[in-house]
Amino acid sequence: MDRSLDRAKLLAARYKAAEARPYLASALYALTVVPSDGVRTMGVDRHWRCYVSPAFVDATPVVELAGVWIHEVAHLLRDHHGRAERLPAEDQGDHVRVNIAQDCEINDDLLADGLVLPDGRMEPRLYGLPAGGLFETYLPGIPPTPHGPDCGSGAHGTPTPWELGGAGGPARVGPVEAEALRRQTAQAVRAHMRSRGRVPEGWARWADELLEPSVDWREALAGAVREAAAWAAGAVDYTYRRPSRRTPALGGRVVLPSLRRPLPRVAVVVDTSGSMGPEDLAAALAEVTGVLREVGVGGNRVAVLACDADVHVVTRVRSVGEVALAGGGGTDMRVGIEAALALPDRPNVVVVLTDGHTPWPDETPSCRLIAALIGQAPPAPPPWVETVRVDSGGHGPG
Ligand SMILES: [Zn+2]
């Protein structure tokens, strides 16, 4: 059977894939080729064996085979079989739909990345689903289908007749080695981003999630805002420093205490010149204002400032809809923070929504400062800034 497989062509395609996406090279070369007449195109098992149809290799151009190599290794890097096992039993059993959803998760990223795939591939748009999702979120949108792609138990988790099974056979990658390959690849993705710029959003997010599993950013941001609001309310609670308006009538010698527990004032400074997506920004702003309303801080106690350092304009807006994202580089959130602290109703808490590519004040300003960092691999602010990383792109399950 092996004689009929055009290994030279298949391995040339793997070389091409590794050359085009060098951060995937280790994973691609960890796959062991198993020729098979049973598999329709290519498929993988959980031991990183890649089953290949000789007829498919003959019929498919090298550039498309390179895309399929990346597709197959993506099933394993994204731990599709492990995640499939955490699905509810009735979904797990329907491995055709699971495979379609998984292919949707992979292929939209590959196509956006300029890779070429054979005709008949699955894509979220074929099912009216948005790009950029995880297969678990796609699954409910995939209708029952008798036939579909079969990328093997390394994808959907259900062993297929053309697989070799656990025992024997050619070299196998064990679960520990597989996890090491995932981490190594995630670090290679990060290194590639640092040295040569962009990698597809899907791979960047996957690497982030693998290397720093996120707590839910909504919870983290809500917690930080709630805590800062409580702190600010407490800090001005017993104050003789807060003069009554009647003080001047008494000659300025007696300072009356404020009788009512004041609510904190909060300024939200929005970076309009970064690389943030409008949805991420809207989600972060909605979360901040939602929490503030919940703790009774609303209305004119919250100021939203849009800050674009290029034009040194700080505008006060009422909603995220009024924030015009300018795009492009160059931002200085210090301008926005200063403007917030110069407001007539000076805030106790300043929340900055930014992509992080900004200088920060040299020292702690006289207020609580929270940075919500939005976007891909934002640089870290100084340690005295409370920092929450916002990634509304979803979270890896498990
Ligand atoms: Zn697949």
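Owing to the predicted nature of the structure, the values given are computational and were not obtained by experimental measurement. (Residues numbered from 1 in each chain as written. Predicted model: local features only at pLDDT ≥ 70, side-chain atom pairs only at ≥ 80, totals over all residues. Heavy atoms only, no water.)

Q: Please set out the sheet that holds strand E3 (residues 49-52) residue by residue, giving values where relevant.
A: Ordered in space as E1-E3-E2, the three strands form an open sheet in which the pairing is mixed. Because the sheet does not close on itself, it has two edges, and the strands there are strand E1 (32-35) and strand E2 (42-44). Pairwise comparison of adjacent strand axes, ignoring direction, gives a mean angle of 25° for this sheet. Looking at chain direction, E1 and E3 are connected through four bridges and run parallel. Bridging from a neighbouring strand, Pro35 pairs with Val52 of E3. Contacting E1, E2 and E3, helix H1 (residues 7-20) runs over the sheet at an angle of about 145° to E1. On top of the sheet, helix H4 (residues 62-77) reaches E1, E2 and E3; it is set at about 20° to E2, its chief contact. (Pairing = 2+ DSSP bridges. Helix = DSSP H or I, 4+ residues; strand = E, 2+ residues; numbered from the N terminus. Axes fitted to C-alpha atoms, helices over the stretch in contact; angles between N-to-C directions. Contact = heavy atoms within 4.5 Å.)

Q: Describe the packing of helix H9 (residues 175-196) against helix H10 (residues 201-211), with residues and values.
A: Running from amino to carboxyl end, H9 crosses H10 at an angle of 125°, the nearest separation of the two axes being 9 Å. The orientation of H9 with respect to H10, classified from their angle, is oblique. In the crossing of H9 with H10, the sense of the turn from one axis to the other is left-handed. Note on element contacts: H10 touches H9 through Trp203, Ala204, Trp206, Ala207, Asp208, Leu210 and Leu211, opposite Glu179, Arg182, Arg183, Thr185, Ala186, Gln187, Val189, Arg190 and Met193. In terms of residue class, the contact of H9 with H10 is built from nine nonpolar, two polar and five charged. (Parallel < 35°, antiparallel > 145°, perpendicular 65-115°, else oblique. Left-handed = near helix turned anticlockwise from the far one by under 90°. Nonpolar A, V, L, I, M, F, W, Y, C, P; charged D, E, K, R; others polar.)

Q: I'd like to hear about the nonpolar core, residue by residue, with values.
A: By size, the foremost hydrophobic cluster in this structure holds 45 residues, and its most contacted members are Met42, Trp48 and Trp69. Broken down by element, the residue count for this core peaks at nine residues, all from H4. In this structure, Trp48 is in contact with Ala27, Ala30, Leu31, Thr32, Val73, Leu76, Leu77, Val173, Ala178 and Leu181, ignoring residues within four places of it in sequence. Counting 28 residues, the second largest nonpolar core, distinct from the first, contains Ala232, Val266, Val268 and Ala372. (Core = buried A, V, L, I, M, F, W, Y, C linked by side-chain atoms within 4.5 Å. Buried < 20%, exposed > 50% of the residue type's maximum accessible area, 1.4 Å probe, protein only.)

Q: Any chance you could break down the side chain of Asp332 for me, citing the residues and the numbers?
A: Within the fold, Asp332 resides in the loop between strand E6 (313-317) and helix H13 (333-341). A relative accessible area of 15% means that Asp332 is categorised as buried. Reaching out from Asp332, the side chain makes a polar contact with the backbone nitrogen of Arg334 at a distance of 2.9 Å. (Polar contact = N/O pair within 3.5 Å; in protein donor to acceptor, adjacent residues only side chain to side chain.)

Q: Tell me what's going on with the coordination of the zinc ion, and back it up with residues and numbers.
A: A four-donor tetrahedral metal ideally has 109.5 degree angles, and a six-donor octahedral metal ideally has angles of 90 or 180 degrees. Looking at the zinc ion, one finds its protein donor set to be His71 (NE2), His75 (NE2), Asp103 (OD) and Cys151 (SG), positioned 2.0 to 2.1 Å from the metal centre. Classification of the site at the zinc ion as tetrahedral follows from its four donor atoms and the range of 94 to 126° in their angles at the metal. Written as a sequence motif, the donor residues of the zinc ion are H-x3-H-x27-D-x47-C. Here the residue His75 occupies a position in helix H4, and Cys151 occupies one in the loop between helix H8 (135-138) and H9, the gap between them amounting to 76 residues. (Donors = N, O, S within 2.8 Å, 3.2 Å for Na, K, Ca; no water. Tetrahedral: all angles 85-135°; square planar, octahedral: opposite > 155°, others 65-115°.)

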